[in-house]
Amino acid sequence: MATEVAEQTRVDIETIETYLDIPMPESDRLILEESRRITGPGMIWDRRGALLDILVEDFDKAAVIAAWEADMQRVLDALGWADSRRISRIFENGVTVMISAPADLLYSAVFAIETAWHFTANALLGEAAGDFESMIADLETVVAMEHNPPLIALERAATERAVDFLSDDDHVSLGHGKGSEVWDVGDLPDPDLVDWEALHNLPVALITGTNGKSTSVRLSAAIGEAAGLVAGSTSTDYVKLGDDILDYGDYSGPGGARMLLRDKRLEIAFLETARGGILRRGLPLFQARAALVTNIANDHLGQYGVNTVKALAQAKFAVARAVSKDGVLVLNADDPLVVENGEKFDKTKCWFALSPDNPKVVAAREKGAPCCWYAADAIHYFDGTDIALRIPVADIPITMGGAARFNVQNAMGAMGLAKAMGIDNAAIEKGLTNFTASPDDNPGRCNEFDVKGARLFVDFAHNPHAIAAMSSLLDNLSANRKFLMICQAGDRSDSEIRQLTQGAIGFGPDHVVIVELTEYLRGREPGEVPGLIETACIANGIAEDRISHVDSSAAGARHILDAVGEGDVGLLLALADRDEVFDLIRAEKG
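All values derive from a computational prediction rather than experimental measurement.

Observations regarding the packing of aromatic side chains
- Across all of its chains, the model carries 4 aromatic pairs by this definition.
- With 6.2 Å between their ring centres and 85 degrees between their planes, Tyr 238 and Tyr 248 make a pair best called edge-to-face. Remark: Tyr 248 occurs in strand S11 (residues 244-248) and Tyr 238 occurs in strand S10 (residues 238-241); sequence separation between them is 10 residues.
- Using a relative accessible area of 9% as the deciding quantity, one classes Tyr 238 as buried.
- Stacked on the ring of Trp 45, the Lys or Arg Arg 47 has its end atom at 5.4 Å from the ring centre.
- Above the plane of the ring of Trp 196 lies Arg 161, whose end atom (NZ or CZ) is 4.3 Å from the centre.

Concerning the pairing of strand S12 (residues 268-272)
- The buried fraction of S12 amounts to 5 of the 5 residues, a majority that puts the element mostly inside the structure.
- Residue alternation in S12 divides its side chains into two sets, Ile 268, Phe 270 and Glu 272 and Ala 269 and Leu 271, and both sets are buried.
- With 4 bridges joining them, strand S8 (residues 204-208) and S12 adopt parallel strand pairing. The residue bridging Leu 206 from the neighbouring strand is Leu 271, located in S12.
- Sheet topology places strand S9 (residues 231-234) next to S12; 4 bridges connect them, and they run parallel. The residue of S12 that forms the bridge with Ala 231 is Ile 268.

What to know about the pattern of salt bridges
- Applying the stated criterion across every chain, the model contains 23 salt bridges.
- Of the charged contacts in the structure, one is a salt bridge between Arg 265 and Asp 244, with a shortest N-O distance of 3.0 Å. Taken together, the residues span a long stretch of sequence, with Arg 265 in the loop between helix H7 (254-261) and S12 and Asp 244 in strand S11 at a distance of 21 residues.
- Using a relative accessible area of 42% as the deciding quantity, one classes Arg 265 as partly exposed.
- For Asp 244, a relative accessible area of 37% corresponds to the partly exposed category.
- With a closest N to O distance of 1.9 Å, Glu 343 and Lys 360 form a salt bridge. Of the two residues, Glu 343 sits in the loop between helix H10 (336-342) and strand S15 (348-353) while Lys 360 sits in helix H11 (residues 359-367), which places them 17 residues apart along the sequence.
- According to the relative accessible area criterion, Glu 343 is partly exposed, its value standing at 41%.
- A residue is classified by how much of its surface remains accessible, and Lys 360, at 21% relative accessible area, is partly exposed.
- The structure contains a network of salt bridges with shared partners spanning Arg 218, Asp 237, Arg 445 and Arg 578.

Remarks on the sheet that holds strand S6 (residues 171-174)
- On the basis of which strands lie adjacent, the open sheet formed by 3 strands has the order S5-S6-S7 and antiparallel pairing. A single partner strand is all that each edge strand has here, and the edge strands are strand S5 (165-167) and strand S7 (181-184). The mean inter-strand angle of the sheet, taken between neighbouring strand axes irrespective of direction, is 20 degrees.
- Sheet topology places S5 next to S6; 3 bridges connect them, and they run antiparallel. Residue pairing across strands places Phe 165 opposite Leu 174, the latter belonging to S6.

Some points on the packing of helix H3 (residues 106-125) against helix H4 (residues 132-146)
- Contact geometry of H3 with H4 gives a least axis separation of 9 Å together with a crossing angle of 170 degrees. Relative to H4, H3 is oriented roughly antiparallel. Residues Leu 106, Tyr 107, Ser 108, Phe 111, Ala 112, Thr 115, His 118 and Phe 119 of H3 lie in contact with H4, whose contacting residues are Phe 132, Met 135, Leu 139, Val 142, Val 143 and Glu 146.
- Looking at the contact of H3 with H4 residue by residue, the class counts come to 10 nonpolar, 3 polar and 1 charged.

The rules behind the values
- Residues numbered from 1 in each chain as written.
- Predicted model: local features only at pLDDT ≥ 70, side-chain atom pairs only at ≥ 80, totals over all residues.
- Heavy atoms only, no water.
- Phe/Tyr/Trp six-rings, centres within 6.5 Å; stacked < 30°, edge-to-face > 60°.
- Helix = DSSP H or I, 4+ residues; strand = E, 2+ residues; numbered from the N terminus.
- Buried < 20%, exposed > 50% of the residue type's maximum accessible area, 1.4 Å probe, protein only.
- Lys NZ or Arg CZ within 6 Å of the ring centre and 35° of its normal.
- Pairing = 2+ DSSP bridges.
- Salt bridge = Lys/Arg side-chain N within 4 Å of Asp/Glu carboxyl O.
- Axes fitted to C-alpha atoms, helices over the stretch in contact; angles between N-to-C directions.
- Parallel < 35°, antiparallel > 145°, perpendicular 65-115°, else oblique.
- Contact = heavy atoms within 4.5 Å.
- Nonpolar A, V, L, I, M, F, W, Y, C, P; charged D, E, K, R; others polar.

Structure (structure tokens):
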């Protein structure tokens, strides 16, 4: 019977929107911008459910929420969903409303919350709404299609045993990696027949922030491997398990996490957790051993009701909701928004900072809590009693002897995370000292090459915070001449492009090569973005005759490779054609 229900659900999900078409009034004053399922802990709370983002103009937002609350309760009462809870959020130009729902009724929850909004919006706009009873009857039909009692029984049994439960449209799994088992959603076992002794959670870490996520994931995975464990990671580049790439692509959301956590070879996992995945679907799991927040800075604002850096910080800190009761939050004490949001969660915290005098580090040491800091050219880990680990930055390649301060922070974050995951000191030291800034270990992140006696750095930095950090690194390096290759996608605003350019040229390049990203125009006219970059360069003191234009990142790399010589340095911000850029540099090195 479970198979029949699940197979019917799969078929009907593809056509259900045409079956259950919930009309919304057409008005610029109330716009339903987005409706979506939330499958795990997210920005607002730690429940599964359904969510609406609504743009509001000329209405009091609190009054809009109050009206929706009443209509939502009416729908929930009609459906008999007594356990469903409601929550809401007001943002600058709208509201977010959400209801909780069981794992087997998330599509139904979307239709339920849309139905309530149908009545709310029409009432506020003074327009006629549909027939309540007939719309509820349609909803009940959808609920019956989606309802899957075996799934709920299995989830309940897993929760009682503190075994993580992961589900999607096609599969359900219990536990992680080598302690997991996966079933088709339409062929689920009776909980009494499950071999619970074979199922358990693994040490899993969620890694988020604006910058440093991918580096921290890869560095942490290297530490896991140094401990002799089969380490897996997800990132914006791929899903990796040991030396195997399971798939290439942006897997910083729940889909990549489930792919990795269901591989029975896995023994420890580090999951890059990006803003988009958190806001679109929520987190992939409910029981992580630890979470790392690297920093919070302006990036990708204006989507999903997240319009400010403060709201972005709240979204990133969804990871704290998935950390188990005995888990650890590893937090950057040098970042004010990380500090502000970290204090809101009653979790064990491991703060890290670039100075032992940071107030959070001082307080942690006084109360016997774990923390990390940078001093006397070394990073230190305090275990609550004593300094348990000290590693000179000269021995940690990605820090470039301490010049790459952002990677000093990433190393401390990885150290704190590894200790929270139960990894021993010897493995931590081995992982940190063996991991390099090469394309093999950390592609696209501060990759350094020695070409013709010049030091060239290739980086994927694409937001002001990351670009300014790379520029600061080069500003600390002595050089005969300095070169910059810069480009940007067209979906950035004019002011953002000017800000990005100003940050990039902070190290005072003698020559600037501007790349036209023809595949990333994103609504801009050809030449428009390069023109903005050039204008910003000239306004900040770069002479026009020191600026060149090319039509690809590979061409920009070729231009710089032909020009550099002994004692020069160059920063190549390669947002496209990264592999071609690497190939050109390697060929030049011979």
